[in-house]
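Survey of secondary and tertiary structure
Each chain is listed here by its residues.
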Amino acid sequence: METITLRPITDENREAVLALSVREDQPFVAPNKVSLKQADEANAEHPGVARPFAIYADEKLVGFCMLAVDLEEEDEDDRCYLWRFMIDKNEQGKGYGQAALKEIIRYFRDLGGERVLLSTEPENERGLHVYHKAGFLDTGCIDDGEAVLRLFLKKTTKKERDTFLWYDVDVKDRLQIKGKNGYGVSIAINDGEELQLYCAGSGRNGEEFPVNRDMLFQAGSVSKPMFAITLLRFVDKGKIDLDTDISGVVPKFVKKGPVTFAALLSHTAGYNVHGFPGYPANHAPLSLEDVLSGKGNTPKVRQTMPYGMQHEYSGGGITLAQLAFERITGMTLREAFQKEVAEPLGLKRTGFFQPLDEELLANAAFGGRLAYREDLEHGYHYYPEHAAAGLWSTPTELTKIGLALSRSYRRGGFLKKKTARRMLTPVMENYGLCVNNFRGDIGEHGGWNEGFITEWMFSLDKDLCVASMFNHATDALDWAQTYVALELYQTVEAAMNEDLCKRGRKSFCGKYEQNVEDFRVDEIFMEDETLFARVITEEGEKVYELYPIGKKTFGRKGGFAKIEFGDNCLVIDGITCKKL
C-alpha cells in the first residue's frame, strides 16, 4: 500500500485541498474552506494551535485533517484534538482513512501527547466505525451536538480509560455505571446559548442499548411541576383561579371544604398518599376516580391533616388537583400539556404518555430490572396518576422548560411574571407550587418512579438549567444523582460569575463570632483567589468552598447555603455573624 504522509498546506496544494469533498450522504464534515479559515482565526489568537495538513498517499492527495495542539493547557483532555478529518469521496474505501489516522496518532505521540480527543455527530455511523476501529472510545459527552471520543496514547489501566471528567465530575463513577449493558444516565446542561449533554451506559439493563440524547425516561415526580405549569397557563387565561374553592368540582372526594389548587399544589391541603408505585405496563387502564377511591394499589385519597397548617407531600392531593383541572378545562392533562406547553416550547419528546405509545417504545429506557421481573418488551410501569408521576421526557427538553420558567420569573413570557413568581415563592418549607425554591435563586424538583430517578434544577436569575435522568433507583443513587446535578450546576454557575467581586474578596477574610452553639462560621479565608468557610458544627469542624453568586453573596459548593457579606459581618441562613 502507498505511504501515507501529512504535509503542511502551502500555496502549491491549497487549491487542491479546497477541491476535496465528501459524499452527499456524509454531511458531517465542514468544507475545507471553512476549516482553513477557522485555522487562520485560531492561530491569529493563539499562534500554532491550529495545524492543518494535507493527507497524501505517496504523491496523491487523498484527504485533509486539522489538529489542535496546546500542550500547556491545564486540562489534559484539551491538549491534543483531532479537529477535522476527511477523505475525498473518490478515495474512500481504499484503507486511507485508517492509515491516515495512524499517522495522525503518531504525530500526537511524537509531540509527547498522552491522549487525543475528537468529536463527530452521533448520526455519523460510518465515521464512528472508523474511529472506534482506530481505538477511540466514547466518553459519553455530547459537546455542541457532537459525540466526544478519546484515545490514550500511552499504556493505561482500565480504570484510567473508563474515567472521564465532565465539568470536573466523574459521572460514571459517582453513579456506578459499569459496562455497556448495565444502567444508564442522560444529563443536559443548558445555559441559553449552549446545550451540553452527557450520555453513558445502557438504557435497558442487560442489553447493549446505548443511552442517546433523545432517549425517553420516566420523570417521576418532576411530573408535578409540569402539571403545575400546564395549569398556570389556564390561570393566565383567566380560566382557573388558584384560590377559589374547588370542592364543588370534585364533591365525591372532598367531604369538607374549602380546598384550592394553591393548597393542593403546595402540599398544604392535608391529603394523604405520598407517592404511587405504578402498575405493570400491560395493566388494565385505571381512571383518576379509581385511584382516588382506592381501587388501585394505594389507599383511598382523603384529607387526614388540618387544612393549610403543614407541608405534607401528597401525590394523592396532586391527583385530586388533576381531576378538578380536567373537569374544569374539559381536556385531559395529556391534551392540555401538548397544547399549552409542548407546542409553544417546541417539545417533541415530552408528554404524559400513559400508557407509552408503541411508536415511542423503540427509543425508551427501561426502569431498573423491571423487564426481567415483569415484561421483557415493556420494562417500565404504567402510571394512571399522570400529574403526580406520568411524564416521559428527555433531559434536553426538561432544560428547555426550566429556562422558559426562569425567564418567566424574571420578565414574563411563557407565563406571566406574577404567575411564575407565585409558583416559585415558597408557601411552606421552601416549597412553592410543585417546586422547591432553594437559596432564593434556585428552582428544583426531583423524581422517583419504579426504576427511574430524575433531578431538575434551574436558576431564577439567569439562563441555567441542569436535568439528569437515570434508570436505576436506589436511595444511595438518588442522593448521588442529586449531588452530581448540583455539582454540575454550581461548576457552570461559578464560571458564569467568575469575575464577580474579585477585588473585594480579601476584605471578607477573617474570624467571625455568633451566639449559636450548634453552628457557627468560625473563619473566612482565601487560597488561590478562592474563598473558603471554616464552620463549627455539632459534628466538628468543616471547611467549605465558596463561589460568587452576587457582588457580595456567595454560595457553598455541594449545598444550598448562601453567605451574604455586609459591613464587618456576614449573614447565613438568617443568622448574623460579626467579624472580629
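Residues numbered from 1 in each chain as written. Predicted model: local features only at pLDDT ≥ 70, side-chain atom pairs only at ≥ 80, totals over all residues. Heavy atoms only, no water.

Describing the packing of aromatic side chains
Within the structure shown, the criterion is met by 22 aromatic pairs. Consider the rings of Trp392 and Phe452, whose centres lie 5.9 Å apart with planes at 75°: the pair is edge-to-face. Taken together, the residues Trp392 in strand 13 (residues 392-393) and Phe452 in strand 16 (residues 452-459) connect sequence positions 60 residues apart. Each member of the pair, Trp392 as well as Phe452, carries the same accessibility label: buried. Put simply, the rings of Phe217, Phe366, Tyr380, Trp392 and Phe452 touch in pairs and so form one group of aromatic residues. The ring of Tyr409 carries the charged tip of Arg421 above its face, separated from the ring centre by 4.2 Å. (Phe/Tyr/Trp six-rings, centres within 6.5 Å; stacked < 30°, edge-to-face > 60°. Helix = DSSP H or I, 4+ residues; strand = E, 2+ residues; numbered from the N terminus. Buried < 20%, exposed > 50% of the residue type's maximum accessible area, 1.4 Å probe, protein only. Lys NZ or Arg CZ within 6 Å of the ring centre and 35° of its normal.)

A few points about the pattern of salt bridges
In this structure the tally under the stated criterion is 27 salt bridges. Between Arg439 and Asp441 there is a salt bridge, with the nearest N and O atoms lying 2.9 Å from each other. On the basis of relative accessible area, Arg439 is assigned to the buried category, the value being 9%. Overlapping salt bridges bring together Arg439, Asp441, Asp461, Lys462 and Glu493 as one network. (Salt bridge = Lys/Arg side-chain N within 4 Å of Asp/Glu carboxyl O.)

Observations concerning empty space enclosed by the protein
In the structure shown here, the tally under the stated rule is one cavity of 30 Å³ or more. By volume, the largest cavity amounts to about 40 Å³. Taken together, Ala263, Leu264, His267, Thr268, Ala269, Gly270, Tyr271, Glu312, Ser314 and Gly317 make up the full set of residues lining the largest cavity. In the lining of the largest cavity, the residues fall into four nonpolar, five polar and one charged. (1 Å grid on protein atoms, 1.4 Å probe; cavity = no way out; pocket = protein on both sides within 12 Å on 5 of 7 lines; lining within 4 Å. Points joined across faces, edges and corners; volume = space filled by probe spheres on them. Nonpolar A, V, L, I, M, F, W, Y, C, P; charged D, E, K, R; others polar.)

Concerning the pairing of strand 17 (residues 465-470)
With six of six residues buried, strand 17 is to be regarded as a mostly interior element. Of the two faces of strand 17, both are covered, the one formed by Cys465, Ala467 and Met469 as well as the one formed by Val466, Ser468 and Phe470. Looking at chain direction, strand 8 (residues 184-190) and strand 17 are connected through six bridges and run antiparallel. Bridge pairing links Val185 to Phe470 in strand 17. Strand direction decides the pairing type here: strand 16 and strand 17, joined by six bridges, are antiparallel. When the bridges of strand 17 are listed, Trp456 appears paired with Ala467. (Pairing = 2+ DSSP bridges.)

Some details on a positive patch on the surface
A contiguous patch of positive charge, built from Lys252, Lys255, Lys295, Lys300 and Arg302, is present on the exposed surface. Here Lys300 lies in the loop between helix 9 (288-292) and helix 10 (315-329). The exposure class assigned to Lys300 is partly exposed, which follows from its relative accessible area of 44%. (Patch = residues over 30% accessible without salt bridge, like charges linked within 9 Å, V, L, I, M, F, W, Y side chains within 5 Å. Areas by Shrake-Rupley, 256 points an atom, 1.4 Å probe, with all protein chains shown as cover. Lys, Arg positive; Asp, Glu negative; His and termini not counted. Charge placed at Lys NZ, Arg CZ, Asp CG, Glu CD.)

A word on a negative patch on the surface
A cluster of like negative charges, contributed by Asp70, Glu72, Glu74, Asp75, Asp78 and Asp168, occupies part of the molecular surface. Secondary-structure assignment places Asp75 in the loop between strand 3 (60-69) and strand 4 (80-87).

Observations concerning the environment of Ala404
Relative to the helices and strands, Ala404 resides in helix 14 (residues 395-411). Those residues in contact with Ala404 that sit more than four places away from it in its chain are Leu345 and Phe414. (Contact = heavy atoms within 4.5 Å.)

So, the side chain of Asn13
Within the secondary structure layout, Asn13 lies in the loop between strand 1 (4-8) and helix 1 (14-19). Setting aside anything within four residues of it in sequence, one finds Asn13 in contact with Pro8, Ala54 and Tyr56.

Here we look at helix 7 (residues 223-236)
Between its first and last C-alpha atoms helix 7 spans 20 Å; for 14 residues at 1.5 Å apiece the expected length is 20 Å, and the two agree. With 13 of 14 residues buried, helix 7 is to be regarded as a mostly interior element. (Expected span 1.5 Å × (residues − 1).)

Considering the packing of helix 7 against helix 11 (residues 333-345)
Two numbers describe how helix 7 lies on helix 11: the axes approach to 9 Å, and their chain directions differ by 80°. As judged from the angle between their axes, helix 7 and helix 11 are roughly perpendicular. Packed against helix 7, whose contacting residues are Met226, Phe227, Ile229, Thr230, Arg233 and Phe234, the element helix 11 presents Leu333, Ala336, Phe337, Glu340, Val341 and Pro344 at the interface. When the residues that make up the contact of helix 7 with helix 11 are grouped by side-chain class, the tally is nine nonpolar, one polar and two charged. (Axes fitted to C-alpha atoms, helices over the stretch in contact; angles between N-to-C directions. Parallel < 35°, antiparallel > 145°, perpendicular 65-115°, else oblique.)

Topic: the layout of surface pockets
Estimates place the volume of the largest pocket at around 1,400 Å³. Around the largest pocket, the lining is made up of 42 residues, and of these Asp138, Gly140, Lys180, Cys199 and Gly201 lie nearest the centre. Those elements giving two or more residues to the lining of the largest pocket turn out to be helix 4 (125-133), strand 6 (137-143), strand 7 (146-152), helix 5 (158-162), helix 6 (171-174) and strand 9 (195-201). Broken down by element, the lining of the largest pocket gets its largest block of residues, six residues, from strand 6. A class-by-class count of the residues in the lining of the largest pocket yields 16 nonpolar, 10 polar and 16 charged. As a volume, the second largest pocket reaches approximately 1,100 Å³. Lining the second largest pocket are 43 residues, and of these Leu82, Trp83, Arg84, Phe85 and Tyr131 lie nearest its centre. Where the lining of the second largest pocket is concerned, the elements lending two or more residues are strand 3, strand 4, helix 3 (96-111), strand 5 (115-120) and helix 4. Here the lining of the second largest pocket is composed, by residue class, of 18 nonpolar, 12 polar and 13 charged.

With respect to the nonpolar core
Counting residues in each nonpolar core, the largest one holds 89 residues, and the members touching the most others are Met226 and Trp456. If one sorts the elements of this core by residue count, helix 7 sits on top with seven residues. Counting residues in each nonpolar core, the second largest holds 33 residues, with Leu175, Ile189, Ile453 and Leu486 among its members. (Core = buried A, V, L, I, M, F, W, Y, C linked by side-chain atoms within 4.5 Å.)

Quick look at the pairing of strand 4
Among the eight residues that make up strand 4, seven are buried, leaving the element largely enclosed by the rest of the structure. Two elements, strand 3 and strand 4, share seven bridges in a ladder whose sense is antiparallel. Paired with Cys65 across the bridge in strand 4 is Phe85. Of the strand pairs in this sheet, strand 4 and strand 5 are connected by two bridges, and their pairing is parallel. Within strand 5, the residue paired with Tyr81 across the bridge is Leu117.

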